[in-house]
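# Fold and geometry: a report
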Amino acid sequence: MDKAQVFSAIAAQISEHGVVFPTSVRLALRIRDMLADPDCHIDAVAKLVQAEPVLSARIVALANSVAYNPYGREIDDLRSAIARIGLATVRTLAMAVVARQMAGNSIPADASALAEKLWAHSAHVAALARVLARRVTRLDPEAAMFAGIVHEVAGFYLLSRSQDYPGILGDDFAEWIESGERTIGEPLLRVLNVPENIRAAVDTYWDGYLGMPPATLGDTLLLAEELCPVPSPLHVRVDGGSPSRGSAEIELLIGEELLTEILEESRREVDSLSDALRF
């Protein structure tokens, strides 16, 4: 099969049979589903989260990041950390565990190396998206961070299936960029029960059309992707082309501030968030 056929075959398998997740991912999904209940109590969340050490550590790290702790009042207990960042953000972090661990620990070395780079990219896009939503598009920053976390989840799933399809990775991801990511991503996001507004934002990312001035959640995500200094390893072409352009090529006047000024003022926040999201 050529790459397009492989992408279609994987998408069909997801649609027909769903996805089998590792134990740690299933627990993160349980936490995410619990948080969908508007009557969910913080003590119940804390009790369940304690069983997932990776998620617990990231919640405390995020609660102590510059974005959520601008005055430097550090905390080290899980319940206080959850109270500080809010249940919506805990849900985002649970989804981050799902995305990051989807590839599992048994993939080949080349796929594992790509997964590390892909997560570094996703974490930085999520951090940028949160800042841009707050400072530029004036949208829900937590929704923007969620979109950044999941926008390349299809890539993690591709890496998890690389052993089944030798040669699917290679050096050129042109077909992945043009159609494969959407082909696999659409059914995967549905199976993961990703909210419709987040799926719409990721759809804008797949389209690659950035509205100017940026106004929607999709624009926020795509702008974060364009500005991200950490490239996605799955968005590399043989010709060396890359979709990212950097802030020097995307200058905007936001009220009385320039985009470059906003990004410079927010650098510590973005770096702190990005570091807290890496695991």
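To keep things clear, this report deals only with the structure shown in the data block. Remember, it's a predicted structure, so these values are computed and weren't measured experimentally.

Further remarks concern the pattern of salt bridges. For the structure shown, the criterion picks out 12 salt bridges. One salt bridge connects E142 with R130, and the closest N-O pair in it is separated by 3.1 Å. One end of the pair, E142, is in helix α8 (residues 141–150); the other, R130, is in helix α7 (residues 109–137), and 12 residues separate them in sequence. Taken as a pair, E142 and R130 share a single burial class, namely buried. With its nearest N and O atoms 2.7 Å apart, the salt bridge here joins R182 to D203.

Assignment of secondary structure puts S232 in the loop between α12 (217–227) and β1 (253–254). A residue is classified by how much of its surface remains accessible, and S232, at 6% relative accessible area, is buried. For S232, the contacting residues outside a window of four places in its chain are L118, H121 and E152.

Right, let's get into unusual backbone geometry. Omega for the peptide link from M212 to P213 comes to 0°, which places this bond in the cis form. Position of P213 among the secondary structure elements: in the loop between α11 (196–207) and α12. Phi is positive for R138, close to 60°, though the residue is something other than glycine. Among the secondary structure elements, R138 is positioned in the loop between α7 and α8. Phi angles above zero are rare outside glycine, and N193 is one such case at about 55°. Position of N193 relative to the elements: it lies in the loop between α10 (174–191) and α11.

Under the criterion given, the structure shown has two aromatic pairs. Between F7 and W176, the aromatic rings sit 5.4 Å apart at their centres with planes inclined by 65°, giving edge-to-face as the arrangement. Taken together, the positions of F7 in helix α1 (residues 3–17) and W176 in helix α10 put the pair 169 residues apart, joining distant regions of the chain. In terms of burial, F7 and W176 fall into one category: buried. Over the ring of Y68 we find R130, and its NZ or CZ is 4.4 Å from the ring centre.

Quick notes on the rules
Residues numbered from 1 in each chain as written. Predicted model: local features only at pLDDT ≥ 70, side-chain atom pairs only at ≥ 80, totals over all residues. Heavy atoms only, no water. Salt bridge = Lys/Arg side-chain N within 4 Å of Asp/Glu carboxyl O. Helix = DSSP H or I, 4+ residues; strand = E, 2+ residues; numbered from the N terminus. Buried < 20%, exposed > 50% of the residue type's maximum accessible area, 1.4 Å probe, protein only. Contact = heavy atoms within 4.5 Å. Phe/Tyr/Trp six-rings, centres within 6.5 Å; stacked < 30°, edge-to-face > 60°. Lys NZ or Arg CZ within 6 Å of the ring centre and 35° of its normal.

Purely spatial values, then, with no claim about function.
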